[in-house]
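Structural description and commentary
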Amino acid sequence: MAASAVGGNHLHTTWKHIVIIATTLLLLSAPSVCAQCRILRCNSDFVAATLEIGVIGGGGKEGANAVYCSALRSYALCTQRTARACRGDLAYHSAVQGIEDLLIQHRCPKTGPTAQPRPLPQAPLSGDGCFYEKGFMQREGRAPEYLHCGVFGDPHIRTFNEEFQTCAVQGAWPLIDNQYLYIQATSTPTRGSSYTSILTKITVILKNWRECAELQIYQAELDNVPPAFVDGSVTGGDRRGHQSLRVHSHDPGRHAEIWATHIGTTIVVRQVGRSLSLSVRSPRAIVESYTPEQDLQLCVWGCPVSQRLEMPYAHPSTPAYTHCSSLLPVRDVYFQACLFDLQVAGDLNSSASAVSALEDARAMISDPDRVHLLTDRAGNNPPSLPVVLAVSILVETLRCTFLGPV
């Protein structure tokens, strides 16, 4: 009788699990789901993590419940990361409530280990398997969507999500941290200032990926931007006469460009004046290939709120305004960065980093209309917070209503 009761209870729990997943999938397929909301990815990761729960549970109910709790915590972390983009989304809020109910039902602690993503089965690579763009076009019938991140000057950050921030971060911070690529920047305080800083070191780790590329490391420091990887090589990932990795420089010591064709990514490192800068062009699928634990990426999320600096006001009659206007006629984020750096450093040469960053953006962003990212400070008269929030909500609602999911 006891065994029968346990079996019946387990069957009841399994069916509740299936019903919750099915309901979530139906909600996720609704047209109201906005393109930027990544709840579908959270759901699929959870389903994959629990797919073999019955097999794993063969060793005992306690072991199965521990695995299930780890998957739930991973699911919760994933929803937290996409909370901002999914605000007001029915499927998202349903998933959050479902997670809370399941955590209580299975008596899962909210803190503890999380489930590791299941590796996808890997078929042998075809002849073009190490050419990301060519392989993507063959699979999808279109070119991949490329994203751009730029870090320069004080430092200023243009994120992959096209947000612009000026940061007071000091020390080593991850700019990109995903399954294929890790980039870390080190910033130090500028002379005579306790809250502004400059990039003095950039480390790039290109991770091993099947037969296309072995792990390679590139490192640049102030006054030393080498035209090679740390082991002295300039290529890597030789397959059928093609190198997946290559370092090129047209100004050794001050410029290096890294091409990683197996992930469709281009990385440019420069020294401009007394600071390093970084520009990255990478496909969306590569940028978004991170786990819940890889949640600190300045190129994805921007710098922490406590580390963000406000742009100072500059009157059009000031020398800084006149100088930056002559170099950057469009009142965009690069113009604002030029004003900031010039006012902080007091050196006309400090404006060069914004000019170089704009040149990289032009080279990496195919749509000319997206190059000049405008800000509220474009007219030096920012609107009030309620107006910004109201406009943002209205634009997002109209976009999702008329364009639907992408």
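Look above for the structure.
To start, this report covers the structure provided alongside it. Quantities reported herein were computed from a predicted structural model and do not represent experimental measurements.

A few words now on the pairing of strand β4 (residues 171-177). Extensive coverage of β4 is indicated by the burial of 5 of its 7 residues. Bridging between β4 and strand β5 (residues 181-189) involves 6 bridges; their strand directions are antiparallel. Note on β5: the bridge partner recorded for P174 is Q184. Here β4 folds back onto β5 in antiparallel fashion, the turn holding 3 residues.

What follows covers the state of the cysteines. A complete count under the given rule lists 6 disulfides for this structure. Across the disulfide, C69 is cross-linked to C108 (sulfur-sulfur distance 1.9 Å). The sign of the -70° torsion about the S-S bond sets the C69-C108 disulfide as left-handed. Taken together, the residues span a long stretch of sequence, with C69 in helix α4 (residues 61-81) and C108 in the loop between α5 (90-105) and α6 (132-140) at a distance of 39 residues. The same class applies to C69 and to C108, which are both buried. The disulfide that involves C167 links it to C303, with 2.3 Å between the sulfurs. Judged by the sign of its S-S torsion, about -90°, the cystine formed by C167 and C303 is left-handed. Taken together, the residues C167 in strand β3 (residues 164-167) and C303 in the loop between α8 (298-301) and β13 (308-309) connect sequence positions 136 residues apart. Each of the two residues, C167 as well as C303, counts as buried.

In terms of nonpolar packing, the biggest core is built from 42 residues, with F160, L175, I183, L206, Y218 and I267 touching the most fellow members. Ranked by residues supplied to this core, first place goes to strand β6 (residues 197-206) with 4 residues. Discounting residues that sit within four places of it in the chain, L175 has contacts with V151, I183, Q184, A185, L278, Q297, L298, C299 and V300. Judged by nonpolar contacts, the second largest core, of 23 residues, contains F164, C338, L342 and A361.

The next point concerns the environment of A172. Summarising the element assignment, A172 is placed in strand β4. Separated by 29 residues in sequence, A172 and K201 place their C-alpha atoms 8.6 Å apart. Once residues lying within four places of it in the same chain are set aside, the contact partners of A172 are Q184, A185 and T186.

Conventions we followed
- Residues numbered from 1 in each chain as written.
- Predicted model: local features only at pLDDT ≥ 70, side-chain atom pairs only at ≥ 80, totals over all residues.
- Heavy atoms only, no water.
- Buried < 20%, exposed > 50% of the residue type's maximum accessible area, 1.4 Å probe, protein only.
- Helix = DSSP H or I, 4+ residues; strand = E, 2+ residues; numbered from the N terminus.
- Pairing = 2+ DSSP bridges.
- Disulfide = S-S within 2.5 Å.
- Core = buried A, V, L, I, M, F, W, Y, C linked by side-chain atoms within 4.5 Å.
- Contact = heavy atoms within 4.5 Å.

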